[in-house]
Amino acid sequence: MSAQYSFSEIEKKWQKHWENTQLYAVSIDANKPKYYVLDMFPYPSGSGLHVGHPLGYIASDIVARYKRLNGFNVLHPMGYDAFGLPAEQYAIQTGQHPAVTTEQNVQRFREQLNIMGFSYDWDRQVKTCDANYYQFTQQIFSLFFEHWYNKQSQKAEPIAQLIAHFNLHGSANLHAHGGKIHDFTAQDWLEMSALQQHEILNQFRLAFVDETTVNWCEAMGTVLANEEVVNGVSERGGYPVVRKKMRQWSLRITAYADRLLDGLNSLQWSDAIKEIQRNWIGKSQGAEIDFVVRGTLKTLKVFTTRPDTIFGATFMVVAPELENLREFCSDGQWSAVQEYANKAKNRSEIDRMADTTKTGVFTGMEAINPFTGEPIPVWVSDYVLANYGTGIIMAVPAHDERDFAFAKTFNLNIIPVIKPANNDLELPLQEAFVAKDGICFNSGFLDGLTVKDAITAAIAKVEKAGWGQAKVNYRLREAGFGRQRYWGEPFPIVYSEDGIPQLVKELPVELPQVESYKPTGNGESPLSAVTNWVNTPQGKRETDTMPGWAGSSWYFLRYTDPNNTQKLASPEALNYWQQVDLYVGGSEHATGHLLYSRFWTKFLFDLGIISWDEPFKRLVNQGMIMGEDGQKMSKRWGNVVNPDDVCAQYGADTLRMYEMFLGPLTDSKPWNTHGIEGVSRFFGKFWRLFYEGEQWAVNQEAPTPEELKILHKTIKKITEDIESMSFNTSVSAF
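Residues numbered from 1 in each chain as written. Predicted model: local features only at pLDDT ≥ 70, side-chain atom pairs only at ≥ 80, totals over all residues. Heavy atoms only, no water.

1. Some remarks on the overall build of the chain
If you tally the helices and strands in the chain, you get 23 helices and 29 strands. Taking 734 residues into account, the globule formula puts the C-alpha radius of gyration at 27 Å, and the chain, at 30 Å, falls close to it. With respect to the principal axes defined by its C-alpha atoms, the chain has extents near 100 × 75 × 50 Å. Evaluated residue by residue, the chain yields a buried proportion of 51% over its 734 residues. Long-range pairs, those at least 24 residues apart, make up 72% of the contacts in the chain with a sequence separation of at least 6. In the form shown here, the chain has an accessible surface area of approximately 34300 Å², with 50% of it arising from carbon and sulfur atoms. (Helix = DSSP H or I, 4+ residues; strand = E, 2+ residues; numbered from the N terminus. Rg over C-alpha atoms; globule rule 2.2 N^0.38 Å. Buried < 20%, exposed > 50% of the residue type's maximum accessible area, 1.4 Å probe, protein only. Contact = heavy atoms within 4.5 Å. Areas by Shrake-Rupley, 256 points an atom, 1.4 Å probe, with all protein chains shown as cover.)

Shown next as C-alpha cells:
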C-alpha cells in the first residue's frame with residue numbers, strides 16, 4: 001500500500017474481485033427481507049453514455065449498497081430498452097442490421113457501466129429485442145386481445161365470458177367498457193356471421209384494431225404516440241407530423257382510467273408527477289346537453305363541466321375534424337368551412353391548444369340555447385378538439401379565456417352570468433372572469449345560487465326536461481399500439497380470408513430478414529414486402545410492429561426470473577421480489593412509460609399473474625446534468641463530457657461523489673470540470689488519514705468518547721441522508 005491514492009490500481013482490483021466472486025448476484029432468500037431498486041433502463045445508442053446519464057444510476061447504487069449492508073436481499077439489475085427508431089434509422093443509412101448495431105452499443109454501455117463500478121447483478125440482464133424476451137411481450141398482447149373489461153366487477157375478464165353472455169342474453173344487461181353497439185338479442189348473435197361477431201367483440205377487446213385518427217410522420221413512415229409529438233413535429237428528428245385516419249392497433253387503457261387515478265394516492269411519487277398523470281387522464285364531471293339546430297330536428301351534443309354558466313352561452317364551436325361536420329353547415333358556407341377544416345385538422349393538438357390567436361369560420365347555422373330559447377351562431381374553430389368531450393362546445397366567453405378571445409376576434413356577444421360573492425363585476429369585461437366560485441346572476445332560476453349549487457340545479461333541470469344527462473368524461477385516449485416500422489416486436493396475429501384477426505399460438509413470432517429497412521411510404525411497414533413471411537397457411541400476418549414502449553411496460557417483472565423460458569417469471573420469483581421498492585429515472589416519462597407500466601401492471605393483477613397492482617412503490621426523478629455552457633449535453637452543442645475520460649483521469653469514486661455533490665438529486669445543474677478536481681483532492685486527503693508518512697497508521701486501540709461521538713454523528717447523518725436521497729448534503733457536511 002502507498003500513501004498516495006492510486007485509484008486506478010484500487011478500482012481495477014476490486015472490480016475484478018466483484019466480478020470473479022459474483023458478489024452482486026442474488027437469489028431468493030426467505031430468511032432475508034427483499035429490497036428491489038431499479039433504474040429506468042437505457043436505450044443503447046451508438047454515442048454511449050455521457051456524464052449526465054449516470055446521475056440516477058449512482059444514486060440508486062448508493063441505496064442498493066446501503067440496503068445490502070443493512071441485511072436486505074437486494075435486487076439491483078440492469079438491461080436495455082433495445083427496440084427503437086434510432087437503430088432503424090442507422091440501418092436505413094448503412095444497411096447494417098439493427099440487431100448488429102444494437103449489440104455493439106449494448107457492449108459499449110456495459111463496458112462504461114462497469115468502469116463506473118455499479119453493483120448490478122449482470123446475470124439478470126435483459127434486452128427487449130431478444131426473442132426470448134419479446135415472446136412474453138407478445139404473450140401479454142395476446143392476453144389483452146383475449147380479455148375485456150367488466151365495469152361491474154371492475155376488472156379484466158376472459159373474452160369467452162363475454163361471448164357466453166351474448167349467447168344467452170345478447171347485449172342486454174351488458175356492463176362492458178368499450179364502443180357503442182346496436183342492441184341485439186341472443187338469437188341475433190347466434191345468427192351473425194363470424195365477421196359480424198368479430199366486429200362486435202372488437203368493440204370490447206382490450207387489444208383491438210380499428211380505424212382511428214393518428215399522428216402520421218411521413219418522413220419516419222410511422223404513427224407516433226401523442227407524447228412523441230412536440231409542437232407539431234416528431235420528438236426524435238423534428239419531422240412534420242399530420243393527423244390522418246389509419247387502421248391501427250390500440251390498447252383500451254381508458255377502461256383503467258379511474259383505477260389509474262385512484263392508485264396514485266398510494267404511491268410515494270412526487271406531487272408534480274402525480275399531477276401530470278391526473279391531468280393527462282383528465283377526469284371531469286359535468287353534463288351532456290343537446291342544443292337543437294334551428295329549423296331542423298338535428299341536435300348538437302356538448303359536454304360541459306360548467307352547466308351553471310349556460311345562460312351565458314352565446315355561440316357554439318365545432319371541431320374541424322368532426323366526422324359529421326357537413327350536417328351542421330349551410331350550403332353557402334360549406335366551401336369555406338371545408339377549406340378551413342382541411343388546414344386546421346392537420347395541426348397537432350398541442351399547437352392548437354397553445355395558439356393564442358383564434359381563427360374560425362361561421363357555419364351558417366344557428367342552434368337554440370335550451371335554457372334561454374335564444375338562437376346562437378355555430379362556428380368551426382381549431383381550438384376545439386374532436387377527441388375531447390363530444391368535439392362540440394357551448395361557448396361562454398364571459399367565463400372562459402379561449403371563448404373570450406374568440407368572441408373578441410369575431411365580435412360575438414359576451415354575457416356575464418357569474419360574479420364574485422361580495423362584489424360586482426366591472427363591465428364591460430376586459431378579460432374572462434374564470435373563478436370557479438361565485439354567485440349566479442343573469443341566469444333565471446339559477447340567480448343567487450353559488451356555482452356549486454347552480455351546477456347541481458342545472459343538471460337536474462337538464463335531466464328533467466330531457467335535454468341531456470349528468471356525465472363523467474376523460475381526456476385520456478386509447479393507447480395507439482402499432483408502428484409501421486421494422487425494428488419492433490412483431491404482432492402474434494394472422495388475418496383470415498374474412499379479415500378477422502386471430503392469435504398465433506406458437507411464440508415467439510420472430511422478425512424476419514428484410515432487404516430494406518426503409519418505410520414503404522404507403523402506410524405499411526417494411527415487413528409487408530417479405531411475402532414468404534407474411535403469407536402463412538393460417539392467413540396473412542400483421543405487418544405492423546409494436547411501439548417502443550411495449551417491452552418497457554413490463555421489464556421490471558422479467559428481472560425477477562430472466563431466464564425462464566416458459567413464463568414471463570415464475571410465481572415464486574414474482575411473489576418474493578414483488579413490486580419495485582425504489583425506481584429512479586427521468587420525469588419526461590410521466591405520460592408514457594410510467595402510465596403504461598401502471599396500466600399493464602393492473603391488467604396482469606386482474607389476471608392473477610401478480611399480486612400487486614402498482615409497479616413502482618417509490619419513484620425519484622433525477623434532474624439533468626447540463627453542459628458547462630448551461631445547455632443540455634449533446635453532440636450537437638459540442639459540450640459532451642465522456643465518463644470514461646473522467647474515470648481515467650480522476651477515478652470512478654471521484655466521478656460518483658462529484659455527481660452527488662453537485663446539488664439535490666432532483667435538480668438540474670451544470671457540469672464543472674474545476675469542481676471535480678476539488679473532490680479528487682478530498683479523496684487524496686481522506687486516504688492519507690490512514691498513513692503517517694508512508695506507514696499504515698490504523699490500530700486496534702479503543703476509540704475515545706469524542707471519537708465515538710463523531711462516528712455516531714456521522715452514521716446518523718449519512719443514514720438520514722441516504723434514506724431521503726439527499727446525497728449532496730452528506731458530501732458537503734464532511
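2. Notes on the sheet that holds strand S21 (residues 501-503)
With antiparallel pairing, 4 strands are arranged side by side in an open sheet as S21-S20-S23-S22. The open sheet is flanked by S21 and strand S22 (535-536), the only strands paired with a single partner. Note: S22 against strand S23 (residues 539-541), 2 bridges, orientation antiparallel. The residue bridging Thr-536 from the neighbouring strand is Gly-539, located in S23. (Pairing = 2+ DSSP bridges.)

3. Focus: the pairing of strand S12 (residues 315-318)
Remark: a regular strand shows side chains that alternate across the two faces of the sheet. Burial of S12 is two-sided: the residues Phe-315 and Val-317 facing one way and the residues Met-316 and Val-318 facing the other way are all buried. Bridge count between S12 and strand S15 (residues 392-395): 4 bridges; the pairing is antiparallel. Pairing of Phe-315 across the sheet is with Ala-395, part of S15. Both S12 and strand S14 (residues 375-380) contribute to a ladder of 3 bridges, which runs parallel. Within the sheet, the bridge partner assigned to Val-318 lies in S14 and is Val-380.

4. Comments concerning the side chain of Ser-171
Mapped onto the fold, Ser-171 is located in the loop between helix H6 (159-169) and helix H7 (186-191). Residue Ser-171 is classed as buried on the basis of its relative accessible area of 12%.

5. Re the nonpolar core
Counting residues in hydrophobic clusters, the biggest one holds 133 residues, and the most contacted among them are Leu-113, Phe-481, Trp-600 and Trp-671. Discounting chain neighbours no more than four positions away, the residues touching Trp-600 are Thr-137, Ile-140, Phe-144, Leu-251, Phe-481, Trp-549, Ala-550, Ser-553 and Trp-554. Judged by nonpolar contacts, the second largest core, of 45 residues, contains Phe-311, Ala-341, Phe-404 and Ile-418. (Core = buried A, V, L, I, M, F, W, Y, C linked by side-chain atoms within 4.5 Å.)

6. Focus on the sheet that holds strand S25 (residues 616-621)
Spatially, the 4 strands line up as an open sheet ordered S2-S1-S24-S25, and their pairing is parallel. Every other strand in the sheet has two partners, leaving strand S2 (73-75) and S25 as the edge strands with one partner each. Strand-to-strand twist of the sheet, defined as the mean angle between neighbouring strand axes without regard to direction, takes the value 20°. Here strand S1 (residues 34-39) runs beside S2; their pairing, made up of 3 bridges, is parallel. Looking across to S2, one finds that Tyr-35 is bridged to Val-74. (Axes fitted to C-alpha atoms, helices over the stretch in contact; angles between N-to-C directions.)

7. Some details on the packing of helix H19 (residues 643-650) against helix H20 (residues 652-661)
In a pair of packed helices, the angle between the axes and the distance between the axes together describe the arrangement. Two elements in contact, H19 and H20, have axes whose closest approach is 7 Å; the angle formed by their N-to-C orientations is 115°. Between H19 and H20, the residues in contact are Pro-643, Val-646, Cys-647 and Tyr-650 and Ala-652, Thr-654 and Leu-655, respectively. When the residues that make up the contact of H19 with H20 are grouped by side-chain class, the tally is 6 nonpolar, 1 polar and no charged. (Nonpolar A, V, L, I, M, F, W, Y, C, P; charged D, E, K, R; others polar.)

8. Examining the pattern of salt bridges
This model, assessed by the stated rule, comprises 26 salt bridges. Arg-598 is the partner of Glu-614 in a salt bridge, and the nearest nitrogen-oxygen pair spans 2.8 Å. Of this pair, Glu-614 sits in the loop between helix H18 (593-606) and S25 while Arg-598 sits in helix H18, placing them 16 residues apart in sequence. We note a salt bridge from Asp-613 to Lys-602, for which the minimum N-O separation is 3.6 Å. Highlighted residues: Asp-613 in the loop between H18 and S25 and Lys-602 in helix H18, separated in sequence by 11 residues. A relative accessible area of 29% places Asp-613 in the partly exposed class. (Salt bridge = Lys/Arg side-chain N within 4 Å of Asp/Glu carboxyl O.)

9. Side note on the packing of aromatic side chains
Two descriptors summarise a pair of aromatic rings, namely the distance from one centre to the other and the angle between the planes of the rings. Evaluation of the coordinates by the stated rule reveals 57 aromatic pairs. Taken together, a centroid distance of 5.5 Å and an interplanar angle of 25° make the contact between Phe-315 and Phe-406 stacked. Taken together, the residues Phe-315 in strand S12 and Phe-406 in helix H13 (residues 401-410) connect sequence positions 91 residues apart. Since its relative accessible area comes to 0%, Phe-406 is described here as buried. Note that Lys-67 overlies the ring of Tyr-35, its terminal NZ or CZ placed 4.7 Å from the centroid. The ring centre of Phe-445 lies 5.9 Å from the NZ or CZ of Lys-461, which sits over that ring. (Phe/Tyr/Trp six-rings, centres within 6.5 Å; stacked < 30°, edge-to-face > 60°. Lys NZ or Arg CZ within 6 Å of the ring centre and 35° of its normal.)

10. Quick notes on a nonpolar patch on the surface
A surface patch of nonpolar side chains, about 600 Å² in accessible area, is lined by Phe-682, Phe-686, Leu-689, Phe-690, Trp-696 and Val-698. Looking at the secondary structure, you find Leu-689 in the loop between helix H21 (673-688) and strand S28 (691-692). For Leu-689, a relative accessible area of 63% gives the class exposed. (Patch = residues over 30% accessible without salt bridge, like charges linked within 9 Å, V, L, I, M, F, W, Y side chains within 5 Å.)

11. Some remarks on unusual backbone geometry
Of the consecutive residues Leu-427 and Pro-428, the connecting peptide bond is found in the cis state with omega at -5°. The topology assignment puts Pro-428 in the loop between strand S16 (418-419) and strand S17 (439-440). Here the amide bond leading from Leu-507 into Pro-508 is cis, since omega sits at 5°, within 30 degrees of zero. Considering the arrangement of structural elements, one finds Pro-508 in the loop between S21 and helix H15 (531-534). Of note in this structure, Gln-22 is not a glycine but carries a positive phi near 50°. Mapped onto the elements, Gln-22 comes out in the loop between helix H1 (7-21) and S1. Unusually for a residue other than glycine, Gln-154 sits at a positive phi of about 55°.

12. So, the packing of helix H2 (residues 54-69) against helix H22 (residues 705-724)
Where H2 meets H22, the axes come as close as 10 Å, and the angle between the chain directions of the two elements is 125°. With respect to their mutual orientation, H2 and H22 come out oblique. Considering the relative orientation of H2 and H22, their crossing is left-handed. For the pair H2 and H22, contact is made by Ile-62, Val-63, Tyr-66 and Lys-67 and by Thr-719, Ile-722 and Glu-723, respectively. Considering only residue class, the contact of H2 with H22 consists of 4 nonpolar, 1 polar and 2 charged. (Parallel < 35°, antiparallel > 145°, perpendicular 65-115°, else oblique. Left-handed = near helix turned anticlockwise from the far one by under 90°.)

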